[in-house]
Amino acid sequence: MAPTNICCIGAGYVGGPTCSVIALKGGDQVKVTVVDINQKRIAAWNSDELPIYEPGLDEVVQQCRGKNLFFSTDVAGAIKAADLIFVSVNTPTKLYGLGKGSAADVKYIESCARAIAEHSEGPKIVIEKSTVPARTAETLDRILRANCKPGITFEILSNPEFLAEGTAISDLMSPDRVLIGGSTTPEGQKAIQALSAVYEHWVPKDRIITTNTWSSELSKLAANAFLAQRISSINAMSAICEATEADVSEVARAIGKDSRLGAKFLQASVGFGGSCFQKDILNLVYLADSLNLHEVADYWRQVVILNDWQERRFSTRIIKALFNTVSSKKICILGFAFKKNTGDTRESAAIYVCQHLMDEGAQLAIYDPKVKAEQIDLDLKSVSQGQEDRVDRLVTVHSDPYEAMDGAHAVAVLTEWDEFKTYDFAKVYATMPKPAFLFDGRNILDHAALRQMGFEIEAIGKKIH
Ligand code: NAI
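Definitions and limits used
Residues numbered from 1 in each chain as written. Predicted model: local features only at pLDDT ≥ 70, side-chain atom pairs only at ≥ 80, totals over all residues. Domains from an automatic or database assignment. Contact = placed C-beta atoms within 7 Å. Nonpolar A, V, L, I, M, F, W, Y, C, P; charged D, E, K, R; others polar. Helix = DSSP H or I, 4+ residues; strand = E, 2+ residues; numbered from the N terminus. Buried ≥ 20, exposed ≤ 12 C-beta atoms within 10 Å, placed from the backbone. Pairing = 2+ DSSP bridges. Right-handed = clockwise from strand over helix to strand, strands pointing away. Near = placed C-beta within 6 Å.

(A) View of the domain arrangement of the protein chain. Looking at the protein chain, the domain boundaries give domain 1 (4-203) and domain 2 (305-459). Summarising the inter-unit geometry, the C-alpha centres of domain 1 and domain 2 are found 37 Å apart. Facing the 7 residues of domain 1 at the interface are 7 residues of domain 2. Class assignment for the residues of the side of domain 1 that touches domain 2 results in 4 nonpolar, 1 polar and 2 charged.

Encoded structure:
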């Protein structure tokens, strides 16, 4: 039997890893082509230096690329050849017009639909992999039907992705669940079966959940909203802990033992980041507002407000501890990615903490094991509108952490990279002006040992005596 021909439009953090695992697990039963309009990104996928860092990804790509996994800019050709088309393009928060600041921008989804309609010469199953507002499948359906060649039929499925960056490959290899939503018609059910068969190459059938299209679309927004809410909830507790001498790690341990709550995602921090949480909650907020459910919108909006506040609270603590002035003081920033094991900086808390510190004239020495200097420059300039030159004046990016920390007034940990725990802080302490400050925005360091060395320590949700 001929292999199932799969095309994925969008070679990003989701499309690349997802299709690599589909190719690995599907073997000679599938042929997967990942396409993108970004030539540089495709060239990187075809090189030894992949465009994204994910533990385990290199090995999977090396095993499959050129055999049953291909990366290409030939969008039209891949659409023509495919039976199944994943749409895995970006759906950022709209920065203009109606819904500016909260609605998801689905223009890239729409242009995919138009391309699929234009180039399809036979029936296709079109799969929404991107996170989209509820009922986007209806938009896709209307565009496809209005523009397709006569006699061509489409079935649209929703198959949101639940992988987390940093653990994408293991999440894809053994997912908690795969969700497939489709129409309740016989054709819709047949399409669901066709997509399910792709996952059944490695995912046990009882982990493949099928629903109607709208439940599937909304479940992705709901999952991210619930996850982010948990972080904002524990971060809200961290502020109360700091004011009462309770310790947020102890509180998290105590409440996490409740089996109804569970222990995961209770780590207080400088705030959540990443391209999804804020965007998807705002997407939900917009949906609720447009359904006239304003109390529902306000409820979820508060999760984002609390996160912004947590970031600002952290930078304010740094400034206050340093005697209310950080102007011209060297502050070392350890970690710029939004979490460990990724080089992704989208919506990273580090960007906003650095922005506040730059507003106060601090000299920032930044080190991150996986983020490139150009990316840091770009991110900090994007929050310095009109005064981009301050980034050149105030920021240096280092490839050696000891160089970044050398002689700093303060060190601030903003990402929970494991390597930070292994540093020789006694050696660093010797180079720093006194009092030497350490701000642990992720609560990962050994505070008692550092205190012994002489550091003044501030952590999240606890007093370090
Ligand atoms: P990304 O920005 O890394 O990748 C999207 C890619 O689509 C880009 O390379 C872009 O050039 C390409 N693209 C845009 N329009 C195109 C077109 N018309 N034709 C061909 N290529 C086109 O985005 P990422 O992070 O992969 O996210 C994709 C979707 O998956 C989003 O909706 C996101 O919300 C969702 N998602 C993201 C997760 C994550 O951890 N990043 C996790 C789960 C879902």
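(B) Geometry of the environment of isoleucine 366. Among the secondary structure elements, isoleucine 366 is positioned in strand S10 (residues 363-367). C-alpha of isoleucine 366 to C-alpha of leucine 157: the two residues are 209 residues apart in sequence and 43 Å apart in space. Here isoleucine 366 is in contact with Ile333, Phe336, Ile376, Val395, Val397, His398 and Ala404, once residues within four sequence places are set aside.

(C) Up close: the pairing of S10. For S10, the buried fraction is high: 4 of the 5 residues fall into the buried class. Where strand S9 (residues 330-334) lies against S10, 5 bridges are found, and the strand directions are parallel. In the sheet register, lysine 330 faces S10, and the bridge partner there is glutamine 363. Taking the sense of rotation as the criterion, the β-α-β connection linking S9, helix H13 (residues 349-359) and S10 turns out right-handed.

(D) Fine view of the site of the ligand. Lining the immediate environment of the ligand, one finds 26 residues, of which Gly10, Gly12, Tyr13, Ser130 and Thr131 sit closest. With 3 residues, helix H5 (residues 107-119) is the largest single contributor of residues to the shell around the ligand. Partitioning the shell around the ligand into residue classes produces 11 nonpolar, 11 polar and 4 charged.

(E) Fine view of unusual backbone geometry. Omega for the peptide link from lysine 434 to proline 435 comes to -5°, which places this bond in the cis form. Of note in this structure, phenylalanine 323 is not a glycine but carries a positive phi near 60°. A positive phi is found at asparagine 324, a non-glycine position, where the angle reads about 65°. Here asparagine 324 shows up in the loop between helix H12 (294-321) and S9. Owing to 8 C-beta atoms within 10 Å, asparagine 324 belongs among the exposed residues under this scheme.

(F) Layout of the pairing of strand S13 (residues 437-440). Residues Phe437 and Phe439 line one face of S13 and the alternating positions Leu438 and Asp440 line the opposite face, and both faces are buried. The sheet contact formed by strand S12 (residues 410-413) and S13 spans 4 bridges and is parallel. Paired with alanine 410 across the bridge in S13 is phenylalanine 437. Between S12 and its parallel partner S13, the chain crosses via helix H17 (residues 425-431), and the hand of that crossover is right-handed. As paired elements, S13 and strand S14 (residues 456-459) share 4 bridges and run parallel to each other. Within S14, the position partnered with leucine 438 by the bridge is isoleucine 457. Remark: the S13/helix H18 (residues 447-453)/S14 crossover connection has right-handed handedness.

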